[in-house]
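Observations on chain architecture
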Amino acid sequence: MKNQRLYLVAAILLLAAMIPAKATPQSQAPTDETQALRQTVEQMQARMAKMQEEIDQLKGAKTQAPATQASQAATAPSAAAAPPRQNGTIQAAEPPAVGATSPHIGEATANYREFSEDTVAAARFNNVPLDPKYHGFFQLPGTQTILKIGGYFKTDFIYDLKPAGNTDSFIPSSFPIPQVTGVNNSTVSIRPTRLNLDFRVPYTQVGEVRFYVEADFFGTNSTTPRLRHAYAQARNFLIGQTFTNFMDPDASPDTLDFQGPNGMVSLRNPQFRYGFALASHTTFYVSVEKPSSDIIFKTAQFNAQPNAPSPDGAIRLRQEFEHGHFQVAGLFRSIAAFLPDGKTDSVFGWGVNASLGLNTFGQDNLILAFAGGHGISRYINDTSGLGIDAEPASGVTNHLVATPAVGIEASYQHYWFKRLRSSAIYSYAAVNDTDLAAPTTYNHATYTGANLIWNPGGSLNVGAEFLYGWTMLQNGQSANAPRIQFSAKYSFVKVDPEPKNK
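Quantities reported herein were computed from a predicted structural model and do not represent experimental measurements. (Residues numbered from 1 in each chain as written. Predicted model: local features only at pLDDT ≥ 70, side-chain atom pairs only at ≥ 80, totals over all residues. Heavy atoms only, no water.)

**Considerations on the overall build of the chain**
For the chain, the count of helices and strands is five helices and 21 strands. Taken across its 502 residues, the chain has 44% of its residues classed as buried. Across the chain, the fraction of contacts at a sequence separation of at least 24, relative to all contacts at a separation of at least 6, is 66%. (Helix = DSSP H or I, 4+ residues; strand = E, 2+ residues; numbered from the N terminus. Buried < 20%, exposed > 50% of the residue type's maximum accessible area, 1.4 Å probe, protein only. Contact = heavy atoms within 4.5 Å.)

So, in structure tokens, the structure goes:
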């Protein structure tokens, strides 16, 4: 551009210098020579004007280029203008390539909704989540690990028309006997509030690895956190504390009550577990779990001193199908304690737990479960912690007997509308005590309830529930208690998909 300007100036100066030098002679020259010179000058002026026009065009094109590029950048799609990934910031995670829902998690299992959200915490075959789209997960900066911060805030308002023992959970075995008449009780509790961290490491040589930690506030007092789950699973090998292999977490009824049915198998236990597929929809699990001989009977000389000679063992067979699942599990235990004569005795305990979850009509769900065996009281909701896994029995010599126990639960969940549902629950638990058992030992109890749960929008759920329990001791004394409960729960991350209209 600068060179062109110099050429133009030089040509004009040269022309100006030539014209005056020929002016005097040309006054005497012929007219035709003067005319020819004038035409030459006009042609040169026309060429210089054209050159100036081209120069102006080149200058205009250069000044318009940056403006055009800026305009194109402003109108370009956001994906093209997205800034590069930066370290130190939280980025949305790309869903791991898990494909469609696993055949070991049926549609009914994945879509079943219950208030406590225990189905989210349960370990799954191949670590495939109930939500294959990984809603709520984000990627930790600089790693392949994705994380979901989950849990919920829950507030319960509870009103007891009779003394019901435990004020935060409905536990028939805790009813005081004899009951004081004319005594009501109310409480407000936030203890069911829980927080969980779900770490997942995809694309490893052993498949997806999962680390899950969860806590609530049912510690020693109303403000003490309590560890619920802390486990890791890789290639279907699990180590840590979570639901016992003897339990079916997908058979938990949809209740506002934190405890749940008294005859349900429910326990979180430290364990080693391994699972493998027998068929496209069938899995088998085996576990070695922390033992604990739940025995507290007293003798004239001293209190019982239980011990655990070997760990508990559990096996589980699970079959998934489109409209539900079926599961059967077995438990094997060694229970030991000192007897009244001061000698140590041990006894073999065993149990069977069979459960069925079935999608019936539309979104409705039916749950049936039965558990029975000898020495399994620790694993049943109402009897866990009562110290009646085994009791002394009389004979030629005193010996330890694993007490027979049974637990039954049934519930039906009905959807009135897409966001309004109800459940009716019935449960029963019983223990067949020995003749040497204390007269005030637990014998049997029932648990019934009905509720209405509304999801007004998002992850907020509110509900009302009526519960009625009845319990009886070995000596025939009994107690009953009705309870009214209102609950509100707001999940920190909405993971469950909206129920489908069928």
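**Let's talk about the environment of Pro178**
Inspection of the secondary structure assignment puts Pro178 in the loop between β3 (146-160) and β4 (185-189). Along the sequence, Pro178 and Ala479 sit 301 residues apart, while their C-alpha atoms lie 7.0 Å from each other.

**Describing the nonpolar core**
Judged by nonpolar contacts, the single largest core of 24 residues is most densely connected at Phe246, Val265, Leu331, Tyr379 and Tyr442. Counting only elements with at least two residues in this core, the list comes to β8 (237-243), β12 (324-338), β18 (420-431) and β19 (442-457). Formed by nine residues, the second largest nonpolar core is a distinct cluster that contains Ile295, Phe297, Ala390 and Ala402. (Core = buried A, V, L, I, M, F, W, Y, C linked by side-chain atoms within 4.5 Å.)

**Structural notes on the packing of aromatic side chains**
The full count for this structure, using the stated rule, is nine aromatic pairs. Centre to centre, the rings of Phe218 and Phe258 are 4.1 Å apart; their planes meet at 15°, and the pair counts as stacked. In this pair, Phe218 sits in the loop between β6 (207-216) and β7 (226-234) while Phe258 sits in the loop between β8 and β9 (268-279), placing the two residues 40 residues apart along the sequence. On the basis of relative accessibility, which here comes to 14%, the residue Phe218 falls in the buried class. Plain terms: the ring middles of Tyr274 and Phe276 are 6.2 Å apart, the flat faces sit at 35° to each other, and that makes the pair tilted. Residue classification places Phe276 among the partly exposed positions, given a relative accessible area of 32%. Through pairs of rings, three or more aromatic residues link up here, namely Phe170, Phe175 and Tyr447. Sitting over the ring of Phe115, Lys489 keeps its end group 4.7 Å from the ring centre. (Phe/Tyr/Trp six-rings, centres within 6.5 Å; stacked < 30°, edge-to-face > 60°. Lys NZ or Arg CZ within 6 Å of the ring centre and 35° of its normal.)

**As for empty space enclosed by the protein**
Scanning all chains against the criterion turns up 10 cavities of 30 Å³ or more. There is about 190 Å³ of room inside the second largest cavity. In terms of lining, the second largest cavity is formed by 19 residues, of which the most central are Ala123, Arg124, Pro249, Tyr285 and Arg316. Per element, the largest residue contribution to the lining of the second largest cavity is three residues, and it comes from strand β11 (residues 312-321). Of the residues belonging to the lining of the second largest cavity, the class tally is eight nonpolar, five polar and six charged. (1 Å grid on protein atoms, 1.4 Å probe; cavity = no way out; pocket = protein on both sides within 12 Å on 5 of 7 lines; lining within 4 Å. Points joined across faces, edges and corners; volume = space filled by probe spheres on them. Nonpolar A, V, L, I, M, F, W, Y, C, P; charged D, E, K, R; others polar.)

**Overview of the layout of surface pockets**
Of the pockets and cavities examined, the largest pocket occupies roughly 740 Å³. If you list the elements that add at least two residues to the lining of the largest pocket, you get β7 and β8. Here the lining of the largest pocket gets three residues from one element, more than from any other, and that element is β7. Residue composition of the lining of the largest pocket, by class: 11 nonpolar, 14 polar and 12 charged.

**Structural notes on unusual backbone geometry**
Ile177 connects to Pro178 through a cis peptide bond whose omega is 0°. The residue Glu117 is not glycine, and still its phi comes out positive at about 60°. With respect to the element layout, Glu117 can be found in the loop between α4 (107-111) and α5 (118-121). With a phi angle near 60°, Asn236 is a residue other than glycine that sits in the positive phi range.

**A look at the side chain of Gln233**
On the secondary structure map, Gln233 appears in strand β7. Residues within four places of Gln233 in sequence aside, it is in contact with Ala123, Arg124, Asn126, Asn127, Glu208, Val209, Arg210 and Leu238.

**What about the pairing of β8?**
Two faces, one strand: in a regular strand the side chains alternate between the faces of the sheet. For β8, the buried fraction is high: five of the seven residues fall into the buried class. By the bridge criterion, five bridges tie β7 to β8 in an arrangement that is antiparallel. Across the sheet, the residue bridging to Ala232 is Ile239, located in β8. A loop of two residues connects β7 with β8, the two strands running antiparallel in sequence, and Arg235 in this loop sits at a positive phi of about 45°. As paired elements, β8 and β9 share seven bridges and run antiparallel to each other. The partner of Leu238 across the bridge, within β9, is Arg273. (Pairing = 2+ DSSP bridges.)

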